[in-house]
Amino acid sequence: MASTGGAPVHDGLGSSHCMTQVELTISCENLLDKDVLSKSDPLCILYMDHSGTSQWHEVGRTEMILNCLNPKFAKKFVVDYYFETVQKLKFCVYDVDDNTNDLRNQDFLGQLECNLGQIVSCKRLTRPLSLKNNKPAGRGTITICADEIADNTVANFIVHARNLDDKYMWWSDPFLEFYKKSETRWQLAHRTEVVKNNLNPVWRPFTVRLQSLCDGDMERPIRVICYDHRESGSHALIGEFETTVARMQAGTHLSPVEFQCINSKKLQKKTSYKNSGVICVKQCQVVKTYTFLDYIMGGCQLHFNIALDFTASNGDPRSPQSLHYINPEGFNEYLSALWAVGSVIQDYDRNKMFPSFGFGAQIPPQWQVSPIFPINFNPSNPFCVGIEGVVTAYQQCLPKVRLYGPTNFAPVIDHVACFARQAVRQNAASQYFVLLILTDGVITDMDKTRTAIVEASRLPMSIIIVGVGNADFSAMELLDSDDRILYSQRGDAAARDIVQFVPFRQFQGNRVALARSVLAELPDQVSSFFNSFNLKPPNESSSSTPS
């Protein structure tokens, strides 16, 4: 969730806590080398125990770094910090051997369990990594640095280079790293992508929080290092320079600010040496960004839409084994998930009117398969009042339909996207649409679904998929593209990650953990979309427009 600036936040359990946000930066040293012909390819996963019962739930993953035993991860974790609460964290480091999300296929390199308060209190915590049997993971250590997020100002960059040194025959594969100067060392703030085979690279535009880059001090030194990427992990230095945000702000598209990229070894050896290329900053635009709460409290309306999977793979509703079992006592798997998740989301929908749909069933009176139908059988008014209304409509609908198929997500995604597309035309941060899909996980239109998601990624829209039952949810993990860009069948890339997948069975009995997992990515998806278009909260006065 977004920071509230230290205001008390209700956690749904009858208590309130003083909450702020902290940003965690991870690095490791002396990791175990699990690969025979190369070095390990490490990735770090952060887990949190929300309940204090050792039920660990994933918060996020860093990028994977090829062939490196001393990784500095560029991706950071932003977590809520409650001063009065013991928040248990677990950092697990793996050697990634394939492109799947299945950790059973990866080599375990070590872990650290600690409390968030321990990290915050010392700001920089270094501890040995241990194996799952509590034995030391060789000489491996992990370092976590914590910075409180007190300011949401960011710097938007457009950077290119020219005439870089060719480090391998006649080409290089350059990338940049930006470092913040802390009290005792340089701390990685951002790493660009690698541009292959190019001595005049143009990197994709990127954004860095000003606090991560320079602690908000425009005159604080920043180190920029240009490397030639090597698959072995032993990247070759092209050159580097120091600058400040204030200096980089002078750059424009017509007149970029330029910095000579200096390789100190070449400078010492060659009297005729000038530089190893020039880094050109076309834009370093410092702007205020708004948080999720800024938008919600400023008048942005969240619209939740609900879609239920009525396909035959759920089982015959007359059978107790069915996920749609018509239970005389009133509950089945779908109802349990609907109540639990619905009670979380309804607090964020101001009018609590939920358009609710089914898909994959034969519906009366013609008994044709419907890719999408209102569960109250009223096409002109598919709205249900509150989650109670959705539950009632579902219970009344279930005996009237025949579970059939196929399990197609694209029609319901496209339906909600139509309304999100209309909202875009308003050019205001006034409406955001969330589609909640409850499914047993057997999807049959993957290509069309990917295309629908890619198109929706450019709209004010998010998708939360709740997996019901024990099916194989690997397809859902693919759609939840936290670690890789999602592409459509035509090869179009998603503008952003808008899908959050939650396996319901992992959270039964733990309402707080479920709530946090369901809403884990939504706040950033909302704020990042509107901020990307420089749209301020609707009720904010014109005098407070970001600079």
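Residues numbered from 1 in each chain as written. Predicted model: local features only at pLDDT ≥ 70, side-chain atom pairs only at ≥ 80, totals over all residues. Heavy atoms only, no water.

Enquirer: Give a detailed account of the packing of aromatic side chains, specifying residues and quantitative values.
Expert: Overall, the coordinates contain 19 aromatic pairs when judged by the stated rule. Ring centres of phenylalanine 241 and phenylalanine 259 lie 4.7 Å apart, and the angle between their planes is 5°; this geometry places the pair in the stacked category. Of this pair, phenylalanine 241 sits in strand β15 (residues 236-243) while phenylalanine 259 sits in strand β16 (residues 257-260), and the two are 18 residues apart along the sequence. Judged by its relative accessible area of 9%, phenylalanine 241 is buried. Look at phenylalanine 259 and you get buried, because its relative accessible area is 4%. Plain terms: the ring middles of phenylalanine 373 and phenylalanine 377 are 6.2 Å apart, the flat faces sit at 15° to each other, and that makes the pair stacked. Taking the relative accessible area as the measure of exposure, phenylalanine 377 reaches 32% and is therefore partly exposed. A connected cluster of aromatic rings, assembled from ring pairs, spans Tyr290, Tyr295, Tyr432, Phe529, Phe530 and Phe533. (Phe/Tyr/Trp six-rings, centres within 6.5 Å; stacked < 30°, edge-to-face > 60°. Helix = DSSP H or I, 4+ residues; strand = E, 2+ residues; numbered from the N terminus. Buried < 20%, exposed > 50% of the residue type's maximum accessible area, 1.4 Å probe, protein only.)

Enquirer: If you had to explain the nonpolar core to someone new, which residues and values would you point to?
Expert: The biggest cluster of nonpolar side chains holds 55 residues, and the ones touching the most others in it are Phe310, Ile375, Tyr432, Leu438 and Phe530. Sorting elements by how many residues they give to this core places helix α6 (residues 333-345) first, with 8 residues. Listed in part, the 32 residues of the second largest apolar core include Ile413, Val416, Ile453 and Ala475. (Core = buried A, V, L, I, M, F, W, Y, C linked by side-chain atoms within 4.5 Å.)

Enquirer: Go over unusual backbone geometry with me, naming the residues and quoting the values.
Expert: In this structure, the amide linkage connecting proline 364 to the following residue, proline 365, adopts the cis form with an omega of 0°. By secondary structure assignment, the location of proline 365 is in the loop between β20 (361-363) and β21 (368-370). Here glycine 405 and proline 406 are connected by a cis peptide whose omega angle stands at -5°. Here proline 406 is to be found in the loop between β24 (402-403) and α8 (410-424). Positive phi outside glycine occurs at asparagine 134, with the angle close to 70°. Its place among the elements puts asparagine 134 in the loop between β8 (124-130) and β9 (136-148).

Enquirer: Before we move on, could you go through the pattern of salt bridges and cite the residues and values that matter?
Expert: Side-chain pairs of opposite charge can arise where the charged atoms are in close proximity. By the definition in use, this model includes 19 salt bridges. Within the structure, one salt-bridge network assembled from shared partners comprises Asp147, Lys180, Asp215 and Arg220. (Salt bridge = Lys/Arg side-chain N within 4 Å of Asp/Glu carboxyl O.)

Enquirer: Could you give an account of the packing of α6 against helix α7 (residues 386-397), naming the residues involved and the relevant values?
Expert: Relative orientation of the contacting elements α6 and α7 amounts to 165°, with a least axis distance of 10 Å. Here α6 lies roughly antiparallel to α7, going by the angle between them. Where α6 crosses over α7, the two elements pack in a sense that is right-handed. Judged by residue contacts, Tyr334, Leu335, Leu338, Trp339, Gly342 and Ser343 of α6 engage Ile387, Glu388, Val390, Val391, Tyr394 and Gln395 from α7. (Axes fitted to C-alpha atoms, helices over the stretch in contact; angles between N-to-C directions. Parallel < 35°, antiparallel > 145°, perpendicular 65-115°, else oblique. Left-handed = near helix turned anticlockwise from the far one by under 90°. Contact = heavy atoms within 4.5 Å.)

Enquirer: So what's going on with α6? Which residues, and what values?
Expert: Given a rise of 1.5 Å per residue, 13 residues ought to cover 18 Å, and the 18 Å separating the end C-alpha atoms of α6 matches this to within 8%. All of the buried residues in α6 are Glu333, Tyr334, Leu335, Ala337, Leu338, Ala340, Val341, Gly342, Val344 and Ile345. (Expected span 1.5 Å × (residues − 1).)

Enquirer: Mind laying out the environment of valine 224, listing which residues take part and the relevant values?
Expert: Along the chain, the position of valine 224 falls in strand β14 (residues 222-228). A relative accessible area of 1% places valine 224 in the buried class. The spacing of valine 224 and leucine 188 is 36 residues in sequence and 9.8 Å in space, taken between C-alpha atoms. Look past the residues within four positions of valine 224 in its chain and what remains in contact with it is Leu176, Glu177, Phe178, Gly239, Glu240, Phe241 and Thr243.

Enquirer: Got a sec to walk through the sheet that holds strand β13 (residues 206-209)? Specific residues and values, please.
Expert: Paired through their backbone hydrogen bonds, the strands of a sheet run either parallel or antiparallel. Pairing in this open sheet of 4 strands is antiparallel, and the strands run β13-β10-β17-β16 from one edge to the other. Looking at strand neighbours, the two that pair on one side only are β13 and β16, the edges of this open sheet. Neighbour-to-neighbour, the strand axes of the sheet open up by a mean angle of 35°, direction not taken into account. Summarising the sheet, strand β10 (residues 153-162) and β13 pair through 4 bridges and their orientation is antiparallel. Across the sheet, valine 154 pairs through a bridge with arginine 209, a residue of β13. (Pairing = 2+ DSSP bridges.)

Enquirer: Please give an account of the confidence of the model for the protein chain that cites residues and values.
Expert: Scored by pLDDT, the protein chain comes out at a mean of 88, with 92% of its residues at no less than 70. Between residues 1-17, whose pLDDT stays under 50, and residues either more than four places distant or in other chains, the model counts 43 contacts. In the model, residues 541-547 has pLDDT below 50 throughout and makes 10 contacts with residues more than four positions away in sequence or in other chains. (pLDDT = per-residue confidence, 0-100.)

Enquirer: Give a description of the sheet that holds β21 that names residues and reports values.
Expert: Spatially, the 3 strands line up as an open sheet ordered β21-β20-β24, and their pairing is antiparallel. The sheet is open, and its two borders are formed by β21 and β24, each paired with just one other strand. With 3 bridges joining them, β20 and β21 adopt antiparallel strand pairing. Among the inter-strand pairings, alanine 361 is bridged to a residue of β21, identified as serine 370.

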